[in-house]
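Here's the letter readout for the chains.
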Amino acid sequence: MSVVIAGGHGRVALLVSRILADRGEEVSGIIRRPRQADAVRSAGARPLVADLATATADDLAQHIGSARAVLFAAGAGLGDAPGQANPVDHDAIVTFADAAQRAGVRRFVMLSAMGADPTIDYPADPLVETFLRARGRADENLLARAALNTTVVRPAWFRDRPGTGRVHLAGSTDVGDIARTDVAAVLAALLATESTTPRVLQLTTGHTPVAEAVAQCLPAVSRA
């Protein structure tokens, strides 16, 4: 059994791959370009080449295979035109969820973004609004799927600094920031759980050790 990561070449995804591989997990990372394969292998994962923007659910289901859990960690970021989100920031997420269901995988962890909530007022920047609205719609799609045990994680601003191993993980947090290494530690811990489903968790730097923070978010049945 294994974990499959969409967007396997991303900086957070590579950190997650290393954590899981060091635990003895079989990890595969879906990448767009063959030249990204060496970085994925160096992180202890097996590279799988597929363009998330154009791959079908059947294509991705073959990559997912008999995985124990999946993580969507891809993102194109701000697009070129307001109102036109990059397919990776919505359509590919939906397709990857379809693929997970076809492959019979229930555990789905989604790396989203703080502010990806279609009910709130967005910043004046139309490109930021387009990105966040797309992610928010995708999050809602995932959470509505009874066939998936989904946890959506919305971290604060990423920072390139050493992690503290202490976070604030909850349904709602203040705006802040967080080291990428701490984000990766939380994602890896969530992937090891059966479910925190279905819910959205916001994530910032905090004072609670990662393992304890994740345990506090589990339903009682998962802690038993």
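Report on the accompanying structure. (Residues numbered from 1 in each chain as written. Predicted model: local features only at pLDDT ≥ 70, side-chain atom pairs only at ≥ 80, totals over all residues. Heavy atoms only, no water.)

**Points about the overall build of the protein chain**
Alright, step 1. Assigned secondary structure in the protein chain consists of eight helices and eleven strands.
Alright, step 2. Taking 224 residues into account, the globule formula puts the C-alpha radius of gyration at 17 Å, and the protein chain, at 16 Å, falls close to it.
Alright, step 3. Burial statistics for the protein chain: of 224 residues in total, 50% are counted as buried.
Alright, step 4. In the protein chain, the proportion of contacts linking residues at least 24 apart, taken out of those at least 6 apart, comes to 68%.
Alright, step 5. Of the roughly 10200 Å² of accessible surface on the protein chain, a fraction of 50% belongs to carbon and sulfur atoms. (Helix = DSSP H or I, 4+ residues; strand = E, 2+ residues; numbered from the N terminus. Rg over C-alpha atoms; globule rule 2.2 N^0.38 Å. Buried < 20%, exposed > 50% of the residue type's maximum accessible area, 1.4 Å probe, protein only. Contact = heavy atoms within 4.5 Å. Areas by Shrake-Rupley, 256 points an atom, 1.4 Å probe, with all protein chains shown as cover.)

**Here's the deal with the environment of threonine 208**
Alright, step 1. Its location among the elements puts threonine 208 in strand β11 (residues 208-209).
Alright, step 2. Classification of threonine 208 by relative accessible area gives partly exposed; the value is 22%.
Alright, step 3. A sequence separation of 181 residues divides threonine 208 from valine 27, and the C-alpha atoms of the two residues are 27 Å apart.
Alright, step 4. If we ignore the near neighbours within four places in the chain, the residues touching threonine 208 are Gly165, Arg166, Val167, Ala213 and Gln216.

**Some details on the sheet that holds strand β3 (residues 46-49)**
Strands in a sheet are paired, the pairing made by backbone hydrogen bonds, and the direction either parallel or antiparallel.
Alright, step 1. The mixed open sheet is built from nine strands, whose spatial order is β3-β2-β1-β4-β5-β6-β10-β8-β11. Pairing within the sheet leaves two strands with one partner each, and these edge strands are β3 and β11.
Alright, step 2. As paired elements, strand β1 (residues 2-6) and strand β2 (residues 26-31) share five bridges and run parallel to each other. Residue serine 2 lies in a different strand from β2, and its bridge partner there is glutamate 26.
Alright, step 3. Strands in contact with helix α5 (residues 126-143) are β4 (69-72), β5 (107-111), β6 (149-155) and β10 (199-205); relative to β6, the strand with the most contacts, it is inclined by about 155 degrees.
Alright, step 4. The strands touched by helix α6 (residues 180-191) within the sheet are β1, β4, β5, β6, β8 (166-170) and β10, with β5 carrying the most contacts at an inclination of about 165 degrees. (Pairing = 2+ DSSP bridges. Axes fitted to C-alpha atoms, helices over the stretch in contact; angles between N-to-C directions.)

Functional significance is not addressed by these values, which are geometric in nature.
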